Amino acid sequence: MLGTDFRIGSPVWLDLGSPDTDGAAAFYGAVFGWQFVSAGPDAGGYGFFHVDGKTVAALGPLTEEGARSAWMIHFKAEDIQATVSAVRSGGGKIRMEPMDVMGEGWLAQATDPQGAEFALWQPGKTAGLGLVSEENTLVWAELHVPDPAAAVTFYNGVFGWRSQDMEAPGMTYRVLSLKDGDQQQTSFGGIAPMGDGAGGEGAEKPRWVPYFNVADVDATVSAASGNGGSVLMPAADVPDVGRIAWAADPSGAVFALLKPNPRM
């Protein structure tokens, strides 16, 4: 599971681009109990979601022309310029060149060869999220693409990630780990074939999906739908993993819920 000892390739930041930031703050406050704190008058409407005073995600207005509301997972880069070059060499695209974010770190936006969007973060004053893997925080990062094997090759070239095949009902799931350390202990996410694991509209587009750790998946799904969200995949038990569900907020941003199996 994720930790805050961030290393190269770790999911290090998570933010939501929304056309309705006030509505999004209210929705996620109702669903997860998050408190929204503005980053100040110079931040263009950007701010942070807190749990117990620690940042667990962030929220801001959409900044790219034609962009749709979505969660964006940021991965740690030690040298953002070199990482950008690796993205391009692997067939990916850079949507936003590296920029210094007021001394907090360097940010770049990228798209992998299959169309899944992600971001790069080279830490400055801000290392990353303050709390992960606890209740109502980010616990897993999952990529859905048409060709998982090609995705493994691409991200290995960019971050050095390792993968391990895990057989699941009707599919092969690839568990991702950081390039250094014990492979199981440094696992942080996985890759699933697009169209599997979350039926309906939630599985139609290549994307990274954040999973949030919740104490009661069914109750959280009910809170999401009761506050204007939609259920893309009803709560279901996955052997050896836990209970999961997929949902979308009122603006269509997709996220997932997980109550991990205690033996994980």
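In this report, the structure presented in the accompanying data block is examined. Small disclaimer: the values here were computed from a predicted structure and weren't measured. (Residues numbered from 1 in each chain as written. Predicted model: local features only at pLDDT ≥ 70, side-chain atom pairs only at ≥ 80, totals over all residues. Heavy atoms only, no water.)

**Some words on the pairing of strand E14 (residues 230-238)**
Part 1: For E14 and strand E15 (residues 242-248), the ladder comprises six bridges, and the chain directions are antiparallel. The residue bridging Asp237 from the neighbouring strand is Arg243, located in E15.
Part 2: Here E14 hands over to E15 after three residues, with Asp240 in that stretch at a positive phi of 65 degrees. (Pairing = 2+ DSSP bridges. Helix = DSSP H or I, 4+ residues; strand = E, 2+ residues; numbered from the N terminus.)

**Side note on helix H4 (residues 217-226)**
Part 1: Taken residue by residue, H4 has Val217, Thr220, Val221 and Ala224 as its buried positions. Within H4, the buried residues cover an arc of 105 degrees as seen down the axis, which keeps them to one side.
Part 2: Elements that come into contact with the buried residues of H4 comprise helix H1 (21-32), E14, E15 and strand E16 (254-260).
Part 3: Between a side-chain oxygen at the N-terminus of H4 and the backbone nitrogen of Asp218 the separation is 3.1 Å; the capping residue is Asp216.
Part 4: Looking at the residues trailing H4, positive phi occurs at Gly228, about 95 degrees. (Buried < 20%, exposed > 50% of the residue type's maximum accessible area, 1.4 Å probe, protein only. Arc of directions from axis to C-beta. Contact = heavy atoms within 4.5 Å. Polar contact = N/O pair within 3.5 Å; in protein donor to acceptor, adjacent residues only side chain to side chain.)

**Some thoughts on the packing of aromatic side chains**
Part 1: If you walk through the whole model with that rule in mind, you get 31 aromatic pairs.
Part 2: Judged by centre distance (5.3 Å) and plane angle (85 degrees), the ring pair of Tyr28 and Trp71 falls under edge-to-face. Here Tyr28 is found in helix H1, whereas its partner Trp71 is found in strand E5 (residues 70-76), with 43 residues between them in sequence. Exposure class is identical for Tyr28 and Trp71. Each is buried.
Part 3: Members of the aromatic cluster, each reached through a chain of ring pairs, are Phe27, Tyr28, Phe32, Trp34, Phe36, Phe49, Trp71, Phe212 and Phe255. (Phe/Tyr/Trp six-rings, centres within 6.5 Å; stacked < 30°, edge-to-face > 60°.)

**A short note on the side chain of Thr83**
Part 1: Assignment of secondary structure puts Thr83 in helix H2 (residues 80-89).
Part 2: Of the residues examined, Thr83 reaches a relative accessible area of 9% and is grouped as buried.

**Digging into the sheet that holds strand E2 (residues 35-38)**
Part 1: Sheet architecture is open: eight strands sit in the order E2-E3-E4-E1-E5-E8-E7-E6, paired in mixed fashion. Edge positions in the open sheet fall to E2 and strand E6 (93-100), since each of these has one partner strand only. Across the sheet, the mean angle from the axis of one strand to that of its neighbour is 25 degrees, orientation sign disregarded.
Part 2: Contacts from H2 reach E6, strand E7 (105-111) and strand E8 (117-123) within the one sheet, and its direction differs from that of E6 by about 175 degrees.
Part 3: Of the strands in this sheet, E5 and E8 touch helix H3 (residues 148-159), which is tilted by about 15 degrees from E8. (Axes fitted to C-alpha atoms, helices over the stretch in contact; angles between N-to-C directions.)

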